[in-house]
Amino acid sequence: MIEPHAPAPAGAPPSRTVPARLPVRPGTGRFLVLVCVFVCAACGLVYELELVAFASYLIGDSVTQASVVLSVMVFAMGVGSLAAKRLRWHAAAGFGAVESALALVGGCSAMALYAVFAWTAGWGGMWADGPRCLLVAFSLAIGLLIGAEVPLLMELIQRIRRQDAGGAVADLFAADYVGALVGGLAFPFLLLPFLGQLTGALLTGTVNVVAGGALVLGLFRRDLTRRARWTLLLTGLVVLGVLASAAALAGDFERAARHAVYGTGVRVAVQTGVQEVVLAGGTHGRPLDLFLDGRLRVGGRDARRYHEALVGPALTGPHARVLILGGGDGLAVREVLRHRGVRRVDVVELDPVLVDLARRDPGLSAANGHAFADRRVHVTTADALGWLRRARGPAYDVVVTDLPDPGITASTKLYSQEFYGLARRVLAPDGRLVVHAGPVTTRPRAFWTVAATLRTAGFAVSPYRVLGHDTGFASGPDRSTGTSRAPHDWGFLLAAPGPVPPPLRVPGDHAATLTRAGLAADARAARRTRVGGVRASTLVHPRY
């Protein structure tokens, strides 16, 4: 904690009694310290958000990862503040050392996490939890260093011009909180879209070490010994050199790490405003893999099998007007257009870059049969839930939800009672809704929670599942990061408004791939976990 200043005890070091010898007026010096507080707070929050974003992307389950990072970091900040009390006698030198260490650790944290995930997460055994352990270690280290800043800055600002403790704390925390606001806004709107996570973290570390070094070596240099000045200067230059070298190599590093994660056939890798899109293969006879935020959305032989199973049963009845929520890759659109009698297909996709790739990329456009070139297809760039709120109906015979996996926290709203209630509003009285609800075998609780939510929204459901062909790491359209084998099946729910479940009729050769075998046992297991009683308005899917 920050202690109020009292008269110095006898024998106390001079730094506690003699005002700082500044090269500028005290008012200017105080302003410069508060500017440094502002910059350091912005950098600290960027480090926090960068760890949360990387953990959610690499490990999944953003709520859990954010809770772990923030709780560990706040705890470490408290410990760091207590530990920094011992450095107050040498506040200037201590602050310079803390900023150099924080810039190095925070700036390189993203690259280190990505490296461990890319090259060791697939080893299994004790290495399987390597990214999680490193995440906790970085949260502790960064939290300790951020926590050490406040007591040292408090000491420095009081040495310029003493004031009551309450006023000093108010000034310090005002600059700190405003800086945190700027850092929190800069990360998603500037650093992430324009620089990416790796370069953005390295740039933040550079700003951090420059701000700390400038304050100490410029404003408080007369309080340092000659040896301390040279040590801090050389340390700062070494940190800058490491960060600059890492930034220069970031492109090659990211390509190598991406190949380690996705394979050597990566052709396209782009960070959109919504997600990271990676395309591998798809040309020269190689199967196409589409990864969205690290999860395999389209993969090998199972891509056609999955989308046929998603679309086919829903289009066995009237299907003149079809709404596809999601489906920016165009594969669900391709399956819809294969059915005669389709007059209009509306696609609501959040990511315009993915739609553009589906139109122009040779591999992806060939896989979807150039579906977006069909005059019957109309694309709207919008959030599916927001679009449904504005839509007026009933207007559609079929609604296909080709959305991210229900186990992803960010997708929870797309599997809520409100979402299905809005979807029901745009359906014709005899319309049908089809939902991909995740694998039945490995995540039955999430599957039956979605089924319970549909029933609560006024639908009767017919569940079914499809077994996948591929069994490797990236099999199926829902790769779960951190697991060595993807699910072997996909669970679907065909729903219709009213009390009567829709008939499950499957045309052609799909009859052998659709089965209800084992679903009764899964339903009993779900009832034992009381999933059927989950309230849809508070629906949160469990971690898997």
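Keep in mind it's a predicted model, so treat the numbers as computed, not measured.

1. What about the overall build of the protein chain?
The helix and strand inventory of the protein chain stands at 14 helices and 12 strands. Per-residue burial for the protein chain yields a buried fraction of 53% across its 544 residues. Intrachain contacts of the protein chain at a sequence separation of at least 6 include 76% that bridge at least 24 residues. Within the structure as shown, the protein chain displays about 23,500 Å² of accessible surface, and the carbon and sulfur contribution to it stands at 62%.

2. Re the nonpolar core
What tends to happen in soluble globular proteins is that the nonpolar side chains get buried as a cluster. Val 33, Leu 51, Phe 95, Tyr 114, Leu 215 and Phe 220 are the most contacted members of the largest nonpolar core, which totals 74 residues. Among the secondary structure elements, those contributing two or more residues to this core are helix H1 (26–58), helix H2 (62–84), helix H3 (91–120), helix H4 (130–160), helix H5 (165–219), helix H6 (226–262) and strand E2 (276–280). Considering each element in turn, this core owes the most residues, 14 residues, to H1. Those residues in contact with Leu 215 that lie beyond four places of it in its chain are Leu 32, Val 33, Cys 36, Phe 95, Leu 153, Leu 156 and Phe 220. Counting residues in hydrophobic clusters, the runner-up holds 40 residues, among them Ala 314, Val 333, Val 434 and Tyr 464.

3. Some words on the pairing of strand E10 (residues 459–467)
For E10, the buried fraction is high: eight of the nine residues fall into the buried class. Pairing of E10 with strand E11 (residues 489–497), which is carried by nine bridges, proceeds in the antiparallel orientation. Bridge assignment links Arg 465 to a residue of E11, and that residue is Gly 491.

4. Remarks on the confidence of the model for the protein chain
Looking at the protein chain as a whole, the pLDDT averages 82, with 83% of positions reaching at least 70. Ranking the elements of the protein chain by mean pLDDT puts strand E12 (residues 514–515) last, at 44, and strand E6 (residues 344–349) first, at 96. Segment residues 1–17 is flagged for pLDDT under 50; beyond a separation of four residues in sequence, or across chains, it makes 21 contacts in the model. The low-confidence segment residues 471–487, where pLDDT is below 50, has 45 contacts with residues more than four positions distant or belonging to other chains.

5. Overview of the sheet that holds strand E3 (residues 289–292)
Strand order across the open sheet formed by four strands is E1-E2-E3-E4, with antiparallel pairing between neighbours. Every other strand in the sheet has two partners, leaving strand E1 (266–271) and strand E4 (295–299) as the edge strands with one partner each. Geometrically, the sheet is characterised by an average inter-axis angle of 15° between neighbouring strands, direction not taken into account. In terms of strand pairing, E1 meets E2 through five bridges, oriented antiparallel. Within E2, the position partnered with Gln 271 by the bridge is Glu 276.

6. Let's talk about a nonpolar patch on the surface
A contiguous nonpolar surface patch, about 810 Å² in accessible area, is contributed by Leu 181, Leu 185, Phe 189, Leu 190, Phe 194, Leu 195, Leu 203 and Val 207. Here Leu 181 lies in helix H5. For Leu 181, a relative accessible area of 53% puts it in the exposed group.

7. Remarks on the packing of aromatic side chains
Under the defined criterion, the tally for this structure stands at nine aromatic pairs. Look at Tyr 306 and Trp 490: their rings are 5.6 Å apart centre to centre, the planes differ by 75°, and that puts the pair in the edge-to-face class. Within this pair, whereas Tyr 306 is found in helix H7 (residues 302–311), its partner Trp 490 is found in strand E11, the two being separated by 184 residues in sequence. As far as the burial class goes, Tyr 306 and Trp 490 line up, both buried. Of the aromatic side chains, those joined through ring pairs into one cluster are Phe 54, Tyr 114, Trp 119 and Phe 253.

8. Some remarks on the pattern of salt bridges
One pass over the full model with this rule turns up 16 salt bridges. With a shortest N-O distance of 3.1 Å, Arg 338 and Glu 308 are connected by a salt bridge. Of this pair, Arg 338 sits in the loop between helix H8 (331–337) and E6 while Glu 308 sits in helix H7, and the two are 30 residues apart along the sequence. Take Arg 338: its relative accessible area is 51%, and that puts it in the exposed class. According to the relative accessible area criterion, Glu 308 is buried, its value standing at 16%.

Conventions we followed
- Residues numbered from 1 in each chain as written.
- Predicted model: local features only at pLDDT ≥ 70, side-chain atom pairs only at ≥ 80, totals over all residues.
- Heavy atoms only, no water.
- Helix = DSSP H or I, 4+ residues; strand = E, 2+ residues; numbered from the N terminus.
- Buried < 20%, exposed > 50% of the residue type's maximum accessible area, 1.4 Å probe, protein only.
- Contact = heavy atoms within 4.5 Å.
- Areas by Shrake-Rupley, 256 points an atom, 1.4 Å probe, with all protein chains shown as cover.
- Core = buried A, V, L, I, M, F, W, Y, C linked by side-chain atoms within 4.5 Å.
- Pairing = 2+ DSSP bridges.
- pLDDT = per-residue confidence, 0-100.
- Axes fitted to C-alpha atoms, helices over the stretch in contact; angles between N-to-C directions.
- Patch = residues over 30% accessible without salt bridge, like charges linked within 9 Å, V, L, I, M, F, W, Y side chains within 5 Å.
- Salt bridge = Lys/Arg side-chain N within 4 Å of Asp/Glu carboxyl O.
- Phe/Tyr/Trp six-rings, centres within 6.5 Å; stacked < 30°, edge-to-face > 60°.

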